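This is what each chain is made of:
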Amino acid sequence: MSLMYVESRQGHFMNIQEQIQNYIASQPEPKHSDMQELHRIILQIMPDCKLWFLDGKNSEHKTVSNPNIGYGFHTLKYADGKTREFYQIGISATTTGISVYILGIEDKKYLAQAYGKKLGKATVTGYCIKFKTLEDIDIDVLEAAIRYGLEARNEKG
């Protein structure tokens, strides 16, 4: 997936911040406002973090996932021993709402057990919190889950 500068139709190259703003701006309301607010909240929690933008396309330019915005830095380890640089926290607009990814938590049941019932109308898996709109959830609980993911990751390594 492409993380570098992307050439726009006008022929100039967009940096990651521009790609993120264009992606957020392209969302219909209320997703646009919700994504903008999430972006602001995460940058408040992680002001100096590395920013990522993944366009959702593979090396053959086929769409393989929803585009997503990433924050922070995390090394993924695969079963075969290979590693890959990736983000720690991610957000993505989906057909049904928004997904927030919190990577690097060892206990895959922890997010659901600790935050699932308090979040509101959300689905919580091992590393993903999905909801329709920010109105449906308790933003303070989501922020606490993000902070936990960062602390759990930073303690580990």
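(A) Region of the structure containing the overall build of the chain. Regarding its fold elements, the chain presents four helices and ten strands. Counting helices and strands in the order they occur from the N terminus, the chain gives β-β-α-α-β-β-β-β-β-β-α-β-β-α. Taken across its 157 residues, the chain has 43% of its residues classed as buried. Contacts in the chain between residues far apart in sequence, at least 24 positions, make up 48% of those at least 6 positions apart. Carbon and sulfur atoms make up 52% of the accessible area of the chain, which amounts to about 9,100 Å² in all.

(B) A look at the layout of surface pockets. Computed from the structure, the second largest pocket encloses a volume of approximately 230 Å³. Taken together, 13 residues form the lining of the second largest pocket, with Asn68, Phe86, Tyr87, Tyr101 and Tyr127 sitting closest to its centre. For the lining of the second largest pocket, a count of residues per class yields eight nonpolar, five polar and no charged.

(C) How the structure looks around the side chain of histidine 39. Considering the arrangement of structural elements, one finds histidine 39 in helix 2 (residues 31–45). Owing to a relative accessible area of 7%, histidine 39 belongs among the buried residues under this scheme. With sequence-adjacent residues up to four places away left out, histidine 39 is seen in contact with Ile20, Gln21, Ile24, Leu51, Ile69, Tyr71 and Ile91.

(D) A look at the environment of threonine 133. As for its position among the elements, threonine 133 is in the loop between strand 10 (128–131) and helix 4 (139–156). For the pair threonine 133 and alanine 122, spaced eleven residues apart in sequence, the C-alpha separation works out to 9.3 Å. Residues within four places of threonine 133 in sequence aside, it is in contact with Pro30 and Asp34.

(E) The arrangement of the pattern of salt bridges in detail. Scanning all chains against the criterion turns up four salt bridges. We note a salt bridge from glutamate 143 to arginine 147, for which the minimum N-O separation is 3.2 Å. Note that glutamate 143 and arginine 147 are positioned in helix 4 at a spacing of four residues, about one turn of the helix. Under the relative-accessibility criterion, arginine 147 is labelled partly exposed at 36%.

The rules we used
Residues numbered from 1 in each chain as written. Predicted model: local features only at pLDDT ≥ 70, side-chain atom pairs only at ≥ 80, totals over all residues. Heavy atoms only, no water. Helix = DSSP H or I, 4+ residues; strand = E, 2+ residues; numbered from the N terminus. Buried < 20%, exposed > 50% of the residue type's maximum accessible area, 1.4 Å probe, protein only. Contact = heavy atoms within 4.5 Å. Areas by Shrake-Rupley, 256 points an atom, 1.4 Å probe, with all protein chains shown as cover. 1 Å grid on protein atoms, 1.4 Å probe; cavity = no way out; pocket = protein on both sides within 12 Å on 5 of 7 lines; lining within 4 Å. Points joined across faces, edges and corners; volume = space filled by probe spheres on them. Nonpolar A, V, L, I, M, F, W, Y, C, P; charged D, E, K, R; others polar. Salt bridge = Lys/Arg side-chain N within 4 Å of Asp/Glu carboxyl O.

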